[in-house]
Amino acid sequence: MSLLTNSLNINLPEQPLILAPMEDVTNPPFRTFCKRYGADWLYSEFVSADALVRSVDKSLKKLAIRDEERPVTIQIYGRFIDSMVEAARMVEAVKPDCIDINFGCPVKRVAQKGAGAGMLKNIPLMVEMASQIVKAVNIPVTAKTRIGWDMENIIIDDIAERLQDVGIRALAIHGRTRSQMYTGSANWEPIAKVKANPRIHIPIIGNGDISSPQQAKDAFDKYGVDGIMIGRATIGKPCIFKQIKHYLNSGEILPEISVSEQIGIIKEQIKMTVEWLDEPRGIIHSRRHLAAMFKGLPNFRELRIKMLQSSNINELWDAFAEIEHKYCSY
Ligand SMILES: Cc1cc2nc3c(=O)[nH]c(=O)nc-3n(C[C@H](O)[C@H](O)[C@H](O)COP(=O)(O)O)c2cc1C
């Protein structure tokens, strides 16, 4: 039985592939798609504890879970222990498989206020918050963070031990500092060091820059992590999970899926997103995925603009028909 399965009481394979939490991306429709295409475990986008406690509709909607997604984690963030504990109880009531605490978000509106990666500047508060949340709920609590605030403060070793000691059941580590935001490349050495620490017995999930089956295999082989978490590479390409899984199991690279297949997948995803939101918002929401698709097609500029400027399903479906026609052999 894998360490993650043991620690969290959720059924996961030996080398689990995990969908990273992403604001405005990992909503139930997209999560469902990633699950269909091979993701083993899914994280919601982060949800503001303060907004939950104030019952803001938009945040309450983020707690929705479909049974077919399981196992699924709801992630919360905030800077005040009281509201985080109350929010954790509200999250527990909707029965996710785990609750995750965001200690890694680098964006100003979150980190400058002391939440997310801001907690990397106040470790006693981070640890106390984790401890109180663990005590307040009866489902596993995990955390996701970065390797430190900046290069002079790579403190992940210490954080991992302290979070483990207060009952955090798994730790996901993005191999960047807060100062790096998303620049440079992820540094997996500190993640490997945490995993190799004999004091650490909770599962360690590695995260940062995985975008191919070979990188995924390296992450397991070289760094010894218990799971890998993939974020940006899934946008517009949920079937990356299937490609990685196939490679891990067989050593073979699956051929890239054709333009027609990609259109089939994205149409389904858009239909579900439109059902989830409404047509205008569903289309706008899907643009991030569309923008990441069909990279490298020759002379694609005009159709790309047409696709991204479509404001309703009919226009978008027309654009897809033209793409399919023009690139039927791709
Ligand atoms: C659009 C976007 C939204 C994100 N939102 C969250 C979030 O809500 N919670 C979180 O812990 N991390 C969030 N992240 C960070 C990702 O979970 C992940 O740590 C980061 O993208 C690095 O992994 P990757 O290189 O596989 O993308 C977000 C990243 C992106 C690109």
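Draft legend 1. Quick look at the pairing of strand β3 (residues 72–77). For β3, the tally of buried residues reaches six of six residues, placing the bulk of the element in the interior. Alternating residues of β3 divide into Val-72, Ile-74 and Ile-76 and Thr-73, Gln-75 and Tyr-77, and every residue in both groups is buried. With five bridges connecting them, strand β2 (residues 41–48) and β3 associate as parallel partners. What sits directly across from Val-47, in β3, is Ile-76. As paired elements, β3 and strand β4 (residues 98–103) share four bridges and run parallel to each other. Paired with Gln-75 across the strands is Asp-100, a residue of β4. Following the chain from β3 across helix α5 (residues 81–93) to the adjacent parallel β4, one finds a crossover that is right-handed.

Draft legend 2. Region of the structure containing unusual backbone geometry. Here the bond from Arg-70 into Pro-71 is cis, since omega is 0°, no more than 30 degrees from zero. Mapped onto the elements of the fold, Pro-71 is located in the loop between α4 (57–61) and β3. Phi is positive for Lys-95, close to 60°, though the residue is something other than glycine. Looking at where Lys-95 falls in the secondary structure, it is placed in the loop between α5 and β4.

Draft legend 3. Representation of the pairing of β2 in the model. For β2, the buried fraction is high: seven of the eight residues fall into the buried class. Strand direction decides the pairing type here: strand β1 (residues 17–19) and β2, joined by two bridges, are parallel. Each residue of the ladder has a partner; that of Ile-18, found in β2, is Trp-41.

Draft legend 4. Representation of the packing of helix α10 (residues 213–223) against helix α11 (residues 240–250). Here α10 crosses α11 at 55°, and the two axes come no closer than 8 Å. Relative to α11, α10 is oriented oblique. Of the two possible hands of crossing, α10 and α11 adopt the one that is right-handed. Residues Pro-213, Ala-216 and Lys-217 of α10 touch α11, and the partners they reach there are Gln-243, Ile-244, Tyr-247 and Leu-248. Tallied by class, residues from the contact of α10 with α11 come to five nonpolar, one polar and one charged.

Conventions and cut-offs
Residues numbered from 1 in each chain as written. Predicted model: local features only at pLDDT ≥ 70, side-chain atom pairs only at ≥ 80, totals over all residues. Buried ≥ 20, exposed ≤ 12 C-beta atoms within 10 Å, placed from the backbone. Helix = DSSP H or I, 4+ residues; strand = E, 2+ residues; numbered from the N terminus. Pairing = 2+ DSSP bridges. Right-handed = clockwise from strand over helix to strand, strands pointing away. Axes fitted to C-alpha atoms, helices over the stretch in contact; angles between N-to-C directions. Parallel < 35°, antiparallel > 145°, perpendicular 65-115°, else oblique. Left-handed = near helix turned anticlockwise from the far one by under 90°. Contact = placed C-beta atoms within 7 Å. Nonpolar A, V, L, I, M, F, W, Y, C, P; charged D, E, K, R; others polar.

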